[in-house]
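Structure assessment
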Amino acid sequence: MAGDSEALLRDRDESTTVIRQPFLIGVSGGTASGKSSVCEKIMEKLGQNEIDRHQRQVAILSQDSFYKVLTPEQKAKALKGQFNFDHPDAFDSDLIMQTLRQILEGETVQIPVYDFVTHSRKEEFVTVYPADVVLFEGILMFYSQEIRDLFQMKLFVDTDPDTRLSRRVLRDINERGRDLEQVLSQYITFVKPAFEEFCLPVVAIDLIVQHIQDILNGGQTKRQNGFTNGHSTPRQRRASESSSRPH
C-alpha cells in the first residue's frame, strides 16, 4: 500500500507540473548597430556565457538564422550584391513564429545555420534548450505585428549611421568576402532604404502607441504605484526614450 501511495503522489506531482513560459525580449536596430554585442554583453554580465548550453537560463537567437532558402536566380543576384536581404520577405517569418511558439511551450528547438559567404543554409543546426529568458535579435524583429506581440520587452539599439556603415564595411569585407564597391552599393540600394521603410517607422509608432496606452490605461494608478503592467510612469518613460529615439 505504501508503494502504491508513493507512486500515486509521483503521478499527481507530474500531472500538476506547470511549465513556466520564458520571458521573450526582442532586440532590434539597424545593420551593425551592435544588437549581437548587446545580447552577448547581457549574457556575460549574467555569467551565462560560462555555463554549459544545456543549463543556461538565458538564450540568444538571431533573425539572421532565418533567412529563406534562395532560388538559383536569387542566389546569383546575391553573389553580385543585387539581392535585398533587408526586406521582410527575405526572412522565413513562418519558421520564426513556429520556433517562438515552441520556445514558449518549453520545447527544445533546432535553429538553422546560415552561411553569409555562400548565401545558403548549412546542413547542421544549433540546438537551443529551454531557458527562462530568450533574447531574439534582428534588424526587422518588430516589423511583423504577430511576432512583435510575442515579446514582453522590446529594445532598440540606436547607433550613429556613420558608425554602423563603417562597422558593416569592415565586417562584410573581413568576414564575408565582399569588396568595398559591392558593400557600399548594397548599403545605398537596399540596406539604408529598407531600414528607413521597415524598421524606423515601426519603432517610432510603437513608442507613441505605448505612451498613449499608458495614458489611456489610467494615469491615477501609475501615479500611485509608479509602474503599471511593467511600464514606468510617463515621466520616467520620457527620460529613457530620449536617449534611444531613432533619428
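Everything below is about the structure printed above this text.
Keep in mind that what you see is a predicted model, and the values were worked out from it rather than measured.

Let's talk about the overall build of the chain
- Scanning the chain for helices and strands turns up nine helices and eight strands.
- For the chain, with 247 residues in total, the buried portion stands at 39%.
- Sequence-distant contacts, at least 24 apart, represent 70% of the contacts inside the chain between residues at least 6 apart.
- In the structure as shown, the chain presents an accessible area of about 14800 Å², 51% of it carried by carbon and sulfur atoms.

Description of empty space enclosed by the protein
- Summed over the entire model, instances satisfying the criterion amount to four cavities of 30 Å³ or more.
- What the largest cavity holds in volume is close to 60 Å³.
- Lining the largest cavity, in full, are Gly30, Thr31, Asp86, Ile139, Leu140, Arg164, Val191, Ala194, Phe195 and Cys199.
- In terms of residue count, helix H7 (residues 180-216) provides more of the lining of the largest cavity than any other element does, four residues in total.
- Of the residues assigned to the lining of the largest cavity, the class counts are six nonpolar, two polar and two charged.

Brief notes about the side chain of Arg176
- Relative to the elements of secondary structure, Arg176 occurs in helix H6 (residues 161-176).
- Owing to a relative accessible area of 14%, Arg176 belongs among the buried residues under this scheme.
- Look past the residues within four positions of Arg176 in its chain and what remains in contact with it is Phe116, Val117 and Arg171.

What counts and what doesn't
- Counting from 1, residues in each chain are numbered in the order their sequence is written.
- Under the rules for a predicted model, residues below a pLDDT of 70 receive no local features and side-chain atom pairs below 80 are neither given nor counted, while totals for whole chains, interfaces and linings still include all residues.
- The basis for every side-chain value is the complete set of heavy atoms in the structure, and neither hydrogens nor water enter the calculation.
- A helix here means a DSSP run of H or I that spans at least four residues, while a strand means a run of E at least two residues long, and both kinds are numbered starting from the N terminus.
- Accessibility here uses a 1.4 Å probe with only protein chains present; expressed as a share of the type maximum, an area under 20% marks a residue as buried, one over 50% as exposed, and anything in between as partly exposed.
- Any two residues having at least one pair of non-hydrogen atoms within 4.5 Å are treated as being in contact.
- All accessibility values rest on the Shrake-Rupley procedure with a 1.4 Å probe; residue burial counts only the protein chains present in the view.
- For each structure, a 1 Å grid was placed over the protein atoms alone; sets of points admitting a 1.4 Å probe that cannot get out are labelled cavities, open sets with protein on both sides within 12 Å along at least five of seven lines are labelled pockets, and lining residues have an atom within 4 Å of a point.
- Grid points are joined across faces, edges and corners, and a volume is the space filled by probe spheres set on the points.
- We call Asp, Glu, Lys and Arg charged. Ala, Val, Leu, Ile, Met, Phe, Trp, Tyr, Cys and Pro are nonpolar, and the rest, Gly among them, are polar.

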